[in-house]
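Here is what each chain is made of, one letter per residue.
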Amino acid sequence: MKRRRFLTGTAALMALPSLPAFAQDDIRAAAREAYIYTYPMVKNYLTMYQYALEPDGHQYKGPLNTLVSIARVYTPEDTAIITPNSDTPYSFIVFDLRAEPVVVTMPPIERKRYYSLQLIDLYTNNVDYPGTRVDGNGGGDFLIAGPGWKGDMPKGIKRVIEMPTTLAMGIIRTQLFSPDDLERIKEVQAGYKAQPLSVYAGTPAPAAPPPVDWMPISDELMATNYWPLAAFLLQFAPPYPGDDAQRENLAKLGIQENVTWPGMALSSDIVALMKEVVVATEKEIRDVAARLTDSSKIFGTPEFMKGQYMTRAAAAQGGIYGNSVQEALYVIYAFDGNRQLLDGRKGKYTLTFSADTLPPVDAFWSITMYDKPKQLLVPNPIDRYLINSPMLADLKKNDKGDVVLYLQHESPGAELEANWLPAPSETFYAVMRLYLPKPEALDGRWKPPAVETL
């Protein structure tokens, strides 16, 4: 049997004027792999752009390297991040670390309150966590540097954290105990600061990095202009060790650092085929994300996520900026106990906790409601988006002493409304978050209760 000889490289692809079927298969496979590898970067950049690079946008927070705090929890009006939590008022910073590091200050806070600075590289890996779990609540100044930084560390720095990419995201979560606690939240947030290293140390500022013509991005452009966006972002994301094959695959498709896609080397047939792959592979990633049931193995450090390209893509699609499991464990409820999709049009559901099945945590837990199509918080008549452990004393118990939560579109009635988590009149999912989960939550001794149909 004669072996079929596969052509590789952009030049070889050019030699196929009519794109025979076997060449189409090769290109489709290479483009699928390239899409899965780059998807988290492009998805991450979508939020970065809205937060720091689109001053006229309704999600804009502030310029690059500027820390901005929001003294409220998220509502359905906040749409830049899918599956957001509504437990912890956020503070944000989008880092551009090309010129010099940025020093972030975490103030000392009371021992019982949880806070953390989640540092996320462009690939969406969680690099470090200044705050309660790693450093305690004593605060400090943390130097956030770009890849390969070799400068001198000034006095007063608690830790130096090197990010693997020059574009990065920082998200500070500050625990809110109750609506009456917002004034204290504002006090804590006033202590968060970010400043360039030269300002912090009182030294001359380095030369400014080359200006960047930041490429516009939106949900629509992620579909129609995906490959140019992926190529644009490579300049900010050096490859990880072990990513050589992925970068070689990108280069074969004309996706290269500082090279506009598509270049002259790609035929119109190849460009059209690669655009088709975007649609098909995005659906594939969504399907994988829809099957996720918890977060224990889908978010983590660069080392933990090494080589797990589809997992990383599905995590970015299903809940970008999820915490590493040591920081927070997420249990995803998309099905009832009979493996049927949760649907507010068709069903009413309960989630029951006994004293023995309450989530075991060293910080706090919550259950938050989302609509499935948009993956956002759900508008409802009582403006309740979650039920969490600080609310436990106000929840009603049944005759057995259990707490029964009602996940449904219509109110369960005045007597049970304290335990109602309003659902949309469509398919939905809920996420249980365990902040600083105890060992029994991580090793499987604790089993989360199932959602049951009434």
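Just so you know, these numbers come straight off a predicted model, no measurement behind them.

Caption draft 1: Structural view of the sheet that holds strand E7 (residues 157-162). With mixed pairing, 4 strands are arranged side by side in an open sheet as E7-E6-E3-E9. Edge positions in the sheet fall to E7 and strand E9 (193-196), since each has one partner strand and no second. Looking at each pair of strands side by side, their axes are set apart by 25° on average, direction ignored. Bridge count for strand E6 (residues 140-145) against E7 is 5 bridges, and the pairing is parallel. Looking at E7, one finds that leucine 143 is bridged to valine 160.

Caption draft 2: Main features of the packing of aromatic side chains. On inspection of all chains with the given rule, the structure shows 24 aromatic pairs. Both rings, one in tyrosine 114 and one in phenylalanine 364, keep their centres 6.3 Å apart while their planes meet at 70°; by these two values the pair is edge-to-face. Residue tyrosine 114 is found in the loop between strand E3 (102-106) and strand E4 (115-121), and its partner phenylalanine 364 is found in the loop between strand E11 (349-353) and strand E12 (365-371); the two are separated by 250 residues along the sequence. Assigned by exposure class, tyrosine 114 and phenylalanine 364 land together as buried.

Caption draft 3: Region of interest: the pattern of salt bridges. Under the defined criterion, the tally for this structure stands at 16 salt bridges. For the salt bridge of arginine 113 with aspartate 181, the shortest nitrogen-to-oxygen distance reads 2.6 Å. With arginine 113 in the loop between E3 and E4 and aspartate 181 in the loop between strand E8 (167-174) and helix H4 (182-190), this residue pair connects regions lying 68 residues apart in the sequence. This pair shows no difference in class: arginine 113 is buried, exactly as aspartate 181 is. Residue arginine 159 pairs with aspartate 128 through a salt bridge whose shortest N-O separation is 2.8 Å. In this pair, arginine 159 is assigned in strand E7 and aspartate 128 in strand E5 (residues 126-128), connecting sequence segments 31 residues apart. The network of salt bridges with common partners includes Glu110, Arg113, Asp181, Arg184 and Glu187.

Quick notes on the rules
Residues numbered from 1 in each chain as written. Predicted model: local features only at pLDDT ≥ 70, side-chain atom pairs only at ≥ 80, totals over all residues. Heavy atoms only, no water. Pairing = 2+ DSSP bridges. Helix = DSSP H or I, 4+ residues; strand = E, 2+ residues; numbered from the N terminus. Axes fitted to C-alpha atoms, helices over the stretch in contact; angles between N-to-C directions. Phe/Tyr/Trp six-rings, centres within 6.5 Å; stacked < 30°, edge-to-face > 60°. Buried < 20%, exposed > 50% of the residue type's maximum accessible area, 1.4 Å probe, protein only. Salt bridge = Lys/Arg side-chain N within 4 Å of Asp/Glu carboxyl O.

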